[in-house]
Amino acid sequence: MPDLRADQAHGARIYDYILGGKDHFRIDRDAGDAALAAWPALRVHMPANREFMHRTARYLAVEKGIRQFLDIGSGIPTSPNLHEVVQDVAPASRVVYVDDGPIVLVHAQALTEGTPEGRTTFIDADMRRPEEILNAPELLDVLDLTEPVRDEDIAMYGGVARKP
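Note that the coordinates shown come from a computational prediction; the quantities given were computed from them, not determined experimentally.

Engineer: A description of the overall build of the protein chain should follow, citing residues and the corresponding values.
Structural biologist: Scanning the protein chain for helices and strands turns up 7 helices and 4 strands. Counting from the amino terminus, the protein chain carries its helices and strands in the arrangement α-α-α-β-α-β-α-β-α-α-β. Across the 164 residues in the protein chain, those meeting the buried criterion constitute 41%. Residue pairs in contact within the protein chain that sit at least 24 positions apart in sequence constitute 63% of those at least 6 positions apart.

Dropping the structure here:
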């Protein structure tokens, strides 16, 4: 069992707490409360940000036919997650999540089962090391990076989306 570092606040658990989730510890609630004291509008901004991601992802999947998504800073364990949104409207969508921290990995393993037609995987990596992400076998197994990318094929929220 990995060390979940329950004695240290973690961004994913703080995010979950502020969004009203259930997957956090006292230390995360304390850090979240401190963040809310400094920026009370987080209670409005965080859900709005999440809803924007859902609308954007749904639009890209339905209207633009995008089927490949790279989500850096996954927001896991908070649900619904990107694969749930896009595979609901386009079951063959492929999603690669990137995040760090053992608790995110544990949740990702439990929460990222996608549709039979699509593919979903998780990379435990730091977004500050993009070369590790782009060369990760998990990413290369799920996404086809040989596909061309045009400006209109890029989702500017938390990740990159590419047409199949």
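Engineer: With reference to specific residues and values, describe the layout of surface pockets.
Structural biologist: Reported here for the largest pocket is a volume of approximately 380 Å³. If you trace the largest pocket, you find 20 residues lining it, with Gly 11, Gly 73, Ser 74, Gly 75 and Asp 99 closest to the centre. Every element with two or more residues in the lining of the largest pocket is listed here: helix 1 (11–18), helix 3 (42–63), strand 1 (68–72) and strand 2 (94–99). Partitioning the lining of the largest pocket into residue classes produces 9 nonpolar, 6 polar and 5 charged.

Engineer: Got a sec to walk through the side chain of Arg 50? Specific residues and values, please.
Structural biologist: Mapping Arg 50 onto the fold places it in helix 3. Nearest to the buried, unbridged Arg 50 among oppositely charged side chains is Asp 71, at 6.2 Å. A distance of 3.1 Å separates the side chain of Arg 50 from the side chain of Asn 81, its partner in a polar contact.

Engineer: Describe the packing of helix 1 against helix 2 (residues 26–38), naming the residues involved and giving the relevant values.
Structural biologist: Where helix 1 contacts helix 2, the axes come no closer than 9 Å and their chain directions differ by 70°. Classified by the interaxial angle, the pair formed by helix 1 and helix 2 is roughly perpendicular. For the pair helix 1 and helix 2, the sense of crossing is right-handed. In this structure, helix 1 contributes Arg 13, Ile 14, Tyr 17 and Ile 18 to the contact, and helix 2 contributes Ile 27, Asp 28, Arg 29, Ala 31, Gly 32, Asp 33 and Leu 36. When the residues that make up the contact of helix 1 with helix 2 are grouped by side-chain class, the tally is 6 nonpolar, 1 polar and 4 charged.

Engineer: Mind laying out a nonpolar patch on the surface, listing which residues take part and the relevant values?
Structural biologist: Together, Leu 134, Leu 140 and Leu 145 line one region of the surface with nonpolar side chains, adding up to about 230 Å² of accessible area. Along the polypeptide, Leu 145 turns up in the loop between helix 7 (137–142) and strand 4 (159–162).

Engineer: Run through the nonpolar core, naming residues and quoting values.
Structural biologist: Membership of the largest hydrophobic core comes to 18 residues, with the highest contact counts inside it found for Phe 69, Leu 82, Val 86, Val 95, Tyr 97 and Val 104. The set of elements that each furnish at least two residues to this core consists of helix 3, helix 4 (82–89), strand 2 and helix 5 (102–111). The leading source of residues in this core is helix 3, at 4 residues. With residues up to four places along the chain from it excluded, the contact list for Val 95 reads Phe 69, Leu 82, His 83, Val 86, Arg 119, Thr 120, Thr 121 and Val 142. One finds Ile 123, Ala 125, Ile 133 and Val 142 within the second-largest nonpolar core, a separate group that totals 10 residues.

Engineer: Lay out the environment of His 107 in plain terms, naming residues and giving numbers.
Structural biologist: Inspection of the secondary structure assignment puts His 107 in helix 5. Residues His 107 and Asp 23, spaced 84 residues apart in sequence, show a C-alpha to C-alpha distance of 9.2 Å. When neighbours within four sequence positions are excluded, His 107 is seen to be in contact with Asp 23, Ile 76 and Pro 77.

Engineer: So what's going on with the pattern of salt bridges? Residues and values would help.
Structural biologist: As a working rule, side chains carrying opposite charge can pair if their charged atoms are close by. For the structure on display, the rule yields 7 salt bridges. Its salt-bridge partner being Asp 28, residue Arg 13 comes within 2.5 Å of it at the nearest N-O pair. With Arg 13 in helix 1 and Asp 28 in helix 2, the pair connects residues that are 15 residues apart, well separated along the chain. When sorted by exposure, Arg 13 lands in the same class as Asp 28, which is buried. The shortest N-O distance in the salt bridge between Arg 119 and Asp 141 comes to 2.6 Å. Placement of the pair is Arg 119 in strand 3 (residues 119–124) and Asp 141 in helix 7, with a sequence separation of 22 residues. Residue Asp 141 is classed as partly exposed on the basis of its relative accessible area, which comes to 48%.

Quick notes on the rules
Residues numbered from 1 in each chain as written. Predicted model: local features only at pLDDT ≥ 70, side-chain atom pairs only at ≥ 80, totals over all residues. Heavy atoms only, no water. Helix = DSSP H or I, 4+ residues; strand = E, 2+ residues; numbered from the N terminus. Buried < 20%, exposed > 50% of the residue type's maximum accessible area, 1.4 Å probe, protein only. Contact = heavy atoms within 4.5 Å. 1 Å grid on protein atoms, 1.4 Å probe; cavity = no way out; pocket = protein on both sides within 12 Å on 5 of 7 lines; lining within 4 Å. Points joined across faces, edges and corners; volume = space filled by probe spheres on them. Nonpolar A, V, L, I, M, F, W, Y, C, P; charged D, E, K, R; others polar. Lys, Arg positive; Asp, Glu negative; His and termini not counted. Salt bridge = Lys/Arg side-chain N within 4 Å of Asp/Glu carboxyl O. Polar contact = N/O pair within 3.5 Å; in protein donor to acceptor, adjacent residues only side chain to side chain. Axes fitted to C-alpha atoms, helices over the stretch in contact; angles between N-to-C directions. Parallel < 35°, antiparallel > 145°, perpendicular 65-115°, else oblique. Left-handed = near helix turned anticlockwise from the far one by under 90°. Patch = residues over 30% accessible without salt bridge, like charges linked within 9 Å, V, L, I, M, F, W, Y side chains within 5 Å. Areas by Shrake-Rupley, 256 points an atom, 1.4 Å probe, with all protein chains shown as cover. Core = buried A, V, L, I, M, F, W, Y, C linked by side-chain atoms within 4.5 Å.

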